[in-house]
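# Inside the fold
Below are the chains, spelled out letter by letter.
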Amino acid sequence: GFFMKRLIGFIIIFVSLLIFPAQVMADDFTIDQMTINVYLQNDGHVQVEEVQTYQFDGKFNGITRTLFHKEGTNITNVQAFENGEALNVLQEGSLYRIFRHAEDETVTISFVYTIEDGVTVYSDVAEFYWGFFDTSNPTPYEQLDIIIHPPQPTSDVIAFGYDVVEGSAQIEKNGTVHFKVGYVPEEKNGNIR
């Protein structure tokens, strides 16, 4: 019972430390495409799907993604998929390890999660203000797109991007906001509002 669960948890953490090196050299892979679809919900929660395409050179055992949450929010229901098949995900604080063995190939991973209370609702406006990456990001994105979908069509939308995302927002007729960011160097901030 309890002892076996603890033992299995210890074994998984120990094996993951052996499988994942502390730091992967930037020359081992590139992130060719990162598309983040953000679905705002009427209850203030946010459903997120990140689709990441990696080009790996050499053997690898998985990828990592760091998700920080703002005060008053929580990140839950974290899952990863490849071609509809679920992948194992191990959480260590804000770091998520996604297990996927392969060698010298292009891999597209769908990483989904919920941001609880991610939308702040006021009497006259609702606000989603989030940073999907920051200066701790060790790898550049060759092409980054962030698409914010409102819970229902709306025409009264204001959108801002900060730092490397500044000036990239395009508002569509139904209220969807597409941040067409393009190339993002490593160790850069990029918040959207």
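A brief look at the structure comes next.

Calculation criteria
Residues numbered from 1 in each chain as written. Predicted model: local features only at pLDDT ≥ 70, side-chain atom pairs only at ≥ 80, totals over all residues. Heavy atoms only, no water. Core = buried A, V, L, I, M, F, W, Y, C linked by side-chain atoms within 4.5 Å. Buried < 20%, exposed > 50% of the residue type's maximum accessible area, 1.4 Å probe, protein only. Helix = DSSP H or I, 4+ residues; strand = E, 2+ residues; numbered from the N terminus. Contact = heavy atoms within 4.5 Å. Salt bridge = Lys/Arg side-chain N within 4 Å of Asp/Glu carboxyl O. Pairing = 2+ DSSP bridges. Axes fitted to C-alpha atoms, helices over the stretch in contact; angles between N-to-C directions.

## Considering the nonpolar core
In this structure, Val38, Phe128, Phe132, Leu144, Ile146, Ile148 and Phe179 are the most contacted members of the largest nonpolar core, which totals 40 residues. Among the elements that make up this core, the one with the highest residue count is strand β1 (residues 29-40) (six residues). Residues in contact with Leu144, not counting those within four places in the same chain, are Met34, Ile36, Phe133, Phe179, Lys180, Val181, Gly182 and Val184.

## Here we look at the pattern of salt bridges
Counted by the stated rule, this structure contains five salt bridges. The shortest N-O distance in the salt bridge between Arg97 and Glu92 comes to 3.2 Å. Residue classification places Arg97 among the buried positions, given a relative accessible area of 10%. Relative accessible area serves as the criterion here: at 27%, Glu92 is assigned to the partly exposed category.

## Let's talk about the sheet that holds strand β3 (residues 59-66)
If you trace the three strands from one edge of the open sheet to the other, you get β3-β7-β6, paired in antiparallel fashion. Sheet topology places β3 and β6 (89-92) at the edges, where each strand pairs with a single neighbour. Geometrically, the sheet is characterised by an average inter-axis angle of 30 degrees between neighbouring strands, direction not taken into account. Where β6 lies against strand β7 (residues 95-103), four bridges are found, and the strand directions are antiparallel. Its bridge partner being in β7, Val89 is matched across the sheet by Ile98.

## Some remarks on the environment of Leu95
Along the chain, Leu95 falls in strand β7. Expressed as a C-alpha distance, the spacing of Leu95 and Thr64, which sit 31 residues apart in the sequence, is 6.8 Å. Ignoring anything within four residues of it in the chain, the contact list for Leu95 reads Thr64, Arg65, Thr66 and Leu90.

## Re the sheet that holds strand β2 (residues 46-56)
Taken in spatial order, the eight strands make up an open sheet running β5-β4-β8-β2-β1-β12-β14-β13, and their pairing is mixed. If you trace the sheet from one side to the other, it starts and ends with β5 (85-87) and β13 (169-171), each paired once. Averaged over all adjacent pairs, the angle separating strand axes in this sheet is 20 degrees, with direction ignored. Where β1 and β2 come together, 11 bridges link them in antiparallel fashion. Residue pairing for β2: Thr35 is matched across the bridge by Val51.

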